[in-house]
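Descriptive analysis of the structure
In case you want the letters, here they are:
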Amino acid sequence: PMAVSNGNRGIWAGGDVGGDNLTNVINYVTIAQTGNAVDFGDLNQIHSDGGRAQSPTRGVIGGGRTSGGAMTNAMSFITIATTGNSVDFGDLLLARNEIASDSNATRGIFSGGNTPSNTDTIEFITIATLGNSTNFGDQSTASGSGRGSANPTRFVMSIGYVSSNTNIIEYVQIATQGDSVDFGDLTRGSGQAAGASNGHGGL
């Protein structure tokens, strides 16, 4: 599933529930409490393995696989403090899945992914508005299965899979546009790794 959050709610949207059986269900929890997830609503389209971005008010889901394994470039959004179904936001430049993504409170970044071949494209959205994504720059190499994390200034991503799993980490300055820059290396090559930060970019 794709996950978004603000300081109060954690939300999981869509995903693969087993045997390539995809879902459009959205669940949420109140982070300060313990307990089971509660139904939030439904995505307007089935998504699995897509990207996500969030501000304090909105969560955006983009790209991924749909029923039958087709790639999508569709984006939709929810208002995190309410419940209900997602609403159309716009389209990514490329239909793809396994996207490295995250955001600060203003911009969402979507990078790399499978089209089904790997891509090096980095694109961004302005979360407070609706519309299609805009080109941001390029990764150093085309990759898929990357994962991202952000604070208010930087988006950092593990590149993921090139011809095999890599240990490359790169970053961009979210407020600008341009190609990603070397950050360092993971201790081992990894694809589909989870990304998190104590400087949550969407707060």
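Residues numbered from 1 in each chain as written. Predicted model: local features only at pLDDT ≥ 70, side-chain atom pairs only at ≥ 80, totals over all residues. Heavy atoms only, no water.

The next point concerns the overall build of the protein chain. Check the secondary structure of the protein chain and you find zero helices and 16 strands. A compact globule built from 203 residues would reach a C-alpha radius of gyration of about 17 Å, and the protein chain, at 15 Å, matches this within 12%. Within the protein chain, the fraction of its 203 residues that count as buried is 48%. The long-range share in the protein chain, meaning contacts at least 24 apart out of those at least 6 apart in sequence, stands at 48%. Per element, the accessible surface of the protein chain, about 8800 Å² overall, is 48% carbon and sulfur. Computed over 9 positive and 16 negative side-chain charges, the separation of the two mean positions in the protein chain equals 6 Å. (Helix = DSSP H or I, 4+ residues; strand = E, 2+ residues; numbered from the N terminus. Rg over C-alpha atoms; globule rule 2.2 N^0.38 Å. Buried < 20%, exposed > 50% of the residue type's maximum accessible area, 1.4 Å probe, protein only. Contact = heavy atoms within 4.5 Å. Areas by Shrake-Rupley, 256 points an atom, 1.4 Å probe, with all protein chains shown as cover. Lys, Arg positive; Asp, Glu negative; His and termini not counted. Charge placed at Lys NZ, Arg CZ, Asp CG, Glu CD.)

Within the open sheet, the four strands sit side by side as β9-β10-β11-β12. Their pairing is antiparallel. In this open sheet, the two strands that pair with only one neighbour each are β9 (100-103) and β12 (134-143). Neighbouring strand axes in the sheet, compared pairwise and without regard to direction, differ in orientation by 15° on average. Relative to strand β11 (residues 119-126), strand β10 (residues 107-111) runs antiparallel, the two being bridged by five bridges. Bridge pairing in β11 places Gly108 opposite Ile125. (Pairing = 2+ DSSP bridges. Axes fitted to C-alpha atoms, helices over the stretch in contact; angles between N-to-C directions.)

Glancing now at the nonpolar core. Counting residues in each nonpolar core, the largest one holds eleven residues, listed as Met2, Val4, Ile11, Ala13, Ile26, Tyr28, Phe40, Leu43, Ile61, Ile78 and Ile80. Secondary structure elements with two or more residues in this core: β1 (2-5), β2 (9-16) and β3 (22-30). When residues no more than four places from it in sequence are discounted, the contact partners of Leu43 are Ala13, Gly14, Asn24, Ile26, Ile61, Ser76 and Ser86. (Core = buried A, V, L, I, M, F, W, Y, C linked by side-chain atoms within 4.5 Å.)

Let us now look at the pattern of salt bridges. The final tally for this structure, using the stated rule, is five salt bridges. For Asp16, the salt bridge goes to Arg65, with nearest N and O atoms at 3.4 Å. Taken together, the residues span a long stretch of sequence, with Asp16 in strand β2 and Arg65 in the loop between β6 (58-62) and β7 (74-79) at a distance of 49 residues. Asp102 is the salt-bridge partner of Arg52, the closest N and O atoms lying 3.1 Å from each other. Placement of Arg52 in strand β5 (residues 51-54) and of Asp102 in strand β9 is noted, with a sequence separation of 50 residues between them. Through salt bridges with shared partners, a single ionic network connects Asp16, Asp49 and Arg65. (Salt bridge = Lys/Arg side-chain N within 4 Å of Asp/Glu carboxyl O.)

All we've got here are geometric facts, nothing functional implied.
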